[in-house]
Amino acid sequence: MHLCYVDESGTPDLPGNTSHFVLAGIALPIRRWKDSDQQISRIKDRFRLQNAELHTAWIARAYPEQKKIQNFDKLDDETRRAQVEQYRKAELLRLQRSRNNSQYRQTKKSYAHTASYVHLTHAERMDFLRSVGDCVGSWDYARLFAECIDKIHFDSSKASASVDEQAFEQVVSRFELYLENTRGRQSDDRNYGLLIHDNNQTTALRHTSLMKRFHRRGTLFTRVTNIIETPLYVDSQLTSMVQVADLCGYTLRRYLENKEPDLFQRIFRIADKNNRGIVVGVRHFTTKQCSCGICAAHRQS
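Residues numbered from 1 in each chain as written. Predicted model: local features only at pLDDT ≥ 70, side-chain atom pairs only at ≥ 80, totals over all residues. Heavy atoms only, no water.

(A) View of the layout of surface pockets. Each pocket or cavity is described by its volume, and for the largest pocket that value is around 700 Å³. Around the largest pocket sit 26 residues that line it, and Glu8, Ser9, Gly10, His55 and Asp246 are the ones nearest its centre. Those elements that provide at least two residues to the lining of the largest pocket are β1 (2-9), α2 (56-60), β4 (193-198) and α9 (240-258). Element by element, the count of residues in the lining of the largest pocket is highest for α9, at 5 residues. (1 Å grid on protein atoms, 1.4 Å probe; cavity = no way out; pocket = protein on both sides within 12 Å on 5 of 7 lines; lining within 4 Å. Points joined across faces, edges and corners; volume = space filled by probe spheres on them. Helix = DSSP H or I, 4+ residues; strand = E, 2+ residues; numbered from the N terminus.)

(B) Up close: the side chain of serine 240. By secondary structure assignment, the location of serine 240 is in helix α9. In this structure the side chain of serine 240 is engaged in a polar contact, spanning 3.4 Å, whose partner is the side chain of aspartate 37. Leaving out residues up to four positions away in the same chain, serine 240 has contacts with Asp37, Ile40 and Lys44. (Polar contact = N/O pair within 3.5 Å; in protein donor to acceptor, adjacent residues only side chain to side chain. Contact = heavy atoms within 4.5 Å.)

(C) Structural context of the pairing of β4. Within β4, 6 of the 6 residues are buried, which leaves the element mostly enclosed by the surrounding structure. Relative to β4, β1 runs parallel, the two sharing 5 bridges. Bridged to histidine 2 within β4 is glycine 193. As judged from the 3 bridges shared by β4 and strand β5 (residues 232-234), these two strands associate in the parallel manner. Bridging across to β5, histidine 197 finds its partner in tyrosine 233. In terms of handedness, the path from β4 via helix α8 (residues 201-217) over to β5 forms a crossover that is right-handed. (Buried < 20%, exposed > 50% of the residue type's maximum accessible area, 1.4 Å probe, protein only. Pairing = 2+ DSSP bridges. Right-handed = clockwise from strand over helix to strand, strands pointing away.)

(D) Layout of the pattern of salt bridges. Using the criterion set out here, one finds 15 salt bridges in the structure. Across the pair arginine 266 and aspartate 134 runs a salt bridge, and its minimum N-O distance is 2.9 Å. In this pair, arginine 266 sits in helix α10 (residues 262-267) while aspartate 134 sits in helix α6 (residues 122-137), placing the two residues 132 residues apart along the sequence. Of the residues examined, arginine 266 reaches a relative accessible area of 18% and is grouped as buried. Exposure remark for aspartate 134: the relative accessible area of 33% places this residue in the partly exposed category. Of the charged contacts, one joins arginine 253 and glutamate 257 as a salt bridge, the two residues approaching to 2.8 Å between their closest N and O atoms. Of this pair, arginine 253 and glutamate 257 both sit in helix α9, 4 residues apart, roughly one helical turn. Within this structure, Asp127, Arg130, Asp134, Asp262 and Arg266 form a network of salt bridges that share partners. (Salt bridge = Lys/Arg side-chain N within 4 Å of Asp/Glu carboxyl O.)

(E) A look at the sheet that holds β5. Spatially, β5-β4-β1-β2-β3-β6 is the arrangement adopted by the 6 strands of the open sheet, whose pairing is mixed. At either end of the open sheet lies a strand with only one pairing partner, and these are β5 and β6 (282-285). Going from strand to strand, the sheet's axes swing by 20 degrees on average, the running direction of each strand aside. Along the sheet, helix α7 (residues 163-181) makes contact with β1, β2 (20-29), β3 (143-150), β4 and β6, crossing β3 at roughly 155 degrees. On the sheet, α9 packs against β1, β2, β3, β4, β5 and β6 and is oriented at approximately 140 degrees with respect to β2. (Axes fitted to C-alpha atoms, helices over the stretch in contact; angles between N-to-C directions.)

(F) Inspection of α7 at higher detail. Along its 19 residues, α7 runs 27 Å from first to last C-alpha, staying within 8% of the 27 Å computed at 1.5 Å per residue. Burial analysis of α7 places 15 of its 19 residues in the buried class, the great majority of the element. (Expected span 1.5 Å × (residues − 1).)

(G) A look at the packing of α7 against α8. One can describe the packing of α7 onto α8 by two numbers: an axis separation of 11 Å at closest approach and a directional angle of 50 degrees. The angle between α7 and α8 places the two elements in the oblique class. By crossing handedness, the relation of α7 to α8 is classed as right-handed. Side by side, α7 and α8 meet where Asp164, Glu165, Phe168, Glu169 and Val172 of the first sit next to Arg206, His207, Leu210, Met211 and Phe214 of the second. Class assignment of the residues belonging to the contact of α7 with α8 gives a composition of 5 nonpolar, 1 polar and 4 charged. (Parallel < 35°, antiparallel > 145°, perpendicular 65-115°, else oblique. Left-handed = near helix turned anticlockwise from the far one by under 90°. Nonpolar A, V, L, I, M, F, W, Y, C, P; charged D, E, K, R; others polar.)

(H) How the structure looks around the state of the cysteines. Here the structure, examined in full by the defined rule, presents 0 disulfides. The thiol sulfur of cysteine 290 is not disulfide-bonded, and the nearest other cysteine sulfur, from cysteine 292, lies at 3.6 Å. Residue classification places cysteine 290 among the buried residues on the basis of a relative accessible area of 15%. With no disulfide of its own, cysteine 295 lies closest to cysteine 290 among cysteine sulfurs, the gap being 3.6 Å. Assessed through its relative accessible area of 6%, cysteine 295 is described here as buried. (Disulfide = S-S within 2.5 Å.)

Okay, here's the thing in structure tokens:
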């Protein structure tokens, strides 16, 4: 039995506010789940993030107020947090008085999402993400699946599915084929899998409906006989492996949009490959001329 944890990065809307939409899944044998979860927990402990969600986009961004606090990197955690919170309260009060409601709401949202990480400098936060990336990349028993869609080259008039639907069908198909290719030799020795998705009500309804259709008719590429049930939807705040899927999706998108190779090189080593070493689990949907690492890994012989 394999569990495949799924999360998305970017928006599937056309044009949306990102050039790429990525749906990523990380699959691991159920017997390795507890050990993998504990490894991530130990890294969180090391960076004093025991109860924090690993939300990569919020962790990786710069927090301008930290630069305004003198000798911030030399302060202890408690003092860092207290001074950041003091600055943030003053800033929210200033925005309230200015009656800039949109900026106030956006700033308040940003502060809420980053509150768990303010005791770490930007360098420490990136060290944390690298540590998680190295850990995940060392899981030789795990496999990374992803569909990375360059929306600039996605022709909705010719496509048979939306951006989100194409991504989901591709990830399901690759996970299914992996399960089929790694099954035992006996005819009844099937290798089953279950999809576990970050909970989003709109996505849940769409993907549940799609999965029911795949069970009845198959995808464009394969029958679905090894993946059981419809996706299980969970709260990412409580599930470390969905948080790892978040890191993988974010990393792939930032690599493609911003040419950021650091985290990409750490996690891409577990992308699913065929017996010739060609990456088949992760695809970049774009022009044939693309020379990124994903496309190169697809073409190598």
